[in-house]
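Residue strings, one per chain:
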Amino acid sequence: MSYSILDDPGILKQYDREDMLAHIREMPSLCQLAWHLAGDFDIPAEYVDIDKVIILGMGGSAIGGDLVSNLLLNEASLPISVCRGYQLPAYVDDKTLLIASSYSGNTEETLSAFRQSLNTKAKKIVITTGGRLKILAEEYNLPLFHFDYSAQPRAALPFSMLPILCFLQKLKLTGDKSEEVYDATTAMREMGNIIAEKTPLTQNPAKQLAQFIYGKLPVVYGGGIVSEVAHRWKTQVNENSKAWCFHEVFPELNHNAVVGYQFPENLKSNIVVVLLNSKLLPERIKLRYEVTRRIMEKEGIKYRLIDGTGNSRLAQIMSLVLFGDYTSYYLAILYRADPSPVKAIDYLKQRLAKEQY
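Residues numbered from 1 in each chain as written. Predicted model: local features only at pLDDT ≥ 70, side-chain atom pairs only at ≥ 80, totals over all residues. Heavy atoms only, no water.

### What about unusual backbone geometry?
Working step 1: Put simply, Phe250 and Pro251 share a cis peptide bond, and its omega is 0°.
Working step 2: Cis geometry is adopted by the peptide bond preceding Pro264, which originates at Phe263 and carries an omega value of -10°.
Working step 3: Tracing the backbone shows Pro264 in the loop between β7 (246-250) and β8 (271-277).
Working step 4: Here Asp19, not a glycine, exhibits a phi torsion of approximately 60°, which is positive.
Working step 5: Mapped onto the fold, Asp19 is located in the loop between α1 (9-15) and α2 (20-25). (Helix = DSSP H or I, 4+ residues; strand = E, 2+ residues; numbered from the N terminus.)

### Looking at the sheet that holds strand β9 (residues 302-307)
Working step 1: Strands sit in the order β7-β6-β8-β9 across an open sheet of 4 strands; the sheet is parallel. Edge positions in the open sheet fall to β7 and β9, since each of these has one partner strand only. Neighbour-to-neighbour, the strand axes of this sheet turn through a mean angle of 25°, independent of strand direction.
Working step 2: Relative to β8, strand β6 (residues 217-223) runs parallel, the two sharing 5 bridges. Counted as the bridge partner of Pro218 is Val272 from β8. (Pairing = 2+ DSSP bridges. Axes fitted to C-alpha atoms, helices over the stretch in contact; angles between N-to-C directions.)

### A word on the sheet that holds strand β5 (residues 144-146)
Working step 1: Taken in spatial order, the 5 strands of this open sheet run β2-β1-β3-β4-β5, and their pairing is parallel. Edge positions in the sheet fall to β2 (80-83) and β5, since each of these pairs with one other strand and no more. If you compare each strand with its neighbour and ignore which way they point, the axes differ by 15° on average.
Working step 2: Of the pairings in the sheet, the one linking strand β3 (residues 96-102) to strand β4 (residues 123-128) comprises 6 bridges and is parallel in character. Of the residues in β4, the one forming a bridge with Ile99 is Ile125.

Here it is in structure tokens:
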């Protein structure tokens, strides 16, 4: 197969029928917009009286909470967790800030947990474009962050991430993040100039990485502030590229995964590792990256190292998110797949809808 198809606008348009590329390209602007809209959002004064934050969500609507939680892990003075599933945690109480995030507003699991929360005194905020979640928020007169953006939920990441960060800033759970947001959008735009579709394969590291991954099973490694970025990469390759992908996190992977490189031997030539790196990682984690690379080289495991850009933690995170989105897009084109539809998920939802919950 010739990989020059990635430089052919006609081929991109042929397979990208719903223009996923446009959503990826405008992510920096969407981050700015989401931050601005959240800045104008009013949060009740009594919401400051909390001792934990729980974000309800699934898939593309949950990953924003994961990224924020990871970003603020060493900064926020209270726990921030993401709840994926039908069941509301038993420890939800009047000291809980509960943020229900669902792009469609009809996510079955999120609706189930949110309905349970209505019987609690938790302080609630809803993030959605509409659906039953919006109706419930309006019915119970709850703070509703309603946005209008037509896309696959995973392409609406700025609206499931930046508002949460802004809300936590408003509640004094973190410092002013305005400069970090500016740094992040600047880094993303600069990264976009390098890896966008108009940059040819010979000069485009995202296209080159897609070529490296093509036909292989990728495993994405990340540590520290980019741990959840590895998770984002995994899901984007799954959904955009329609391909297998897994992710691992430092330092945990050094306590198990590195031992598993040996067998089955015939898999070694079909597995590649992508290491997401940041100059802001702690020195001990950086050392683990280096030693892990040596172990992989010894075992014959092929890998690539991808660096984040920008000066702030948020910039490092979002520049790598953008890199992953572009890479998964190019990989979809190499597989001759439309990046947008998720037919298996649609089928699953249709089957579930036939059985009353």
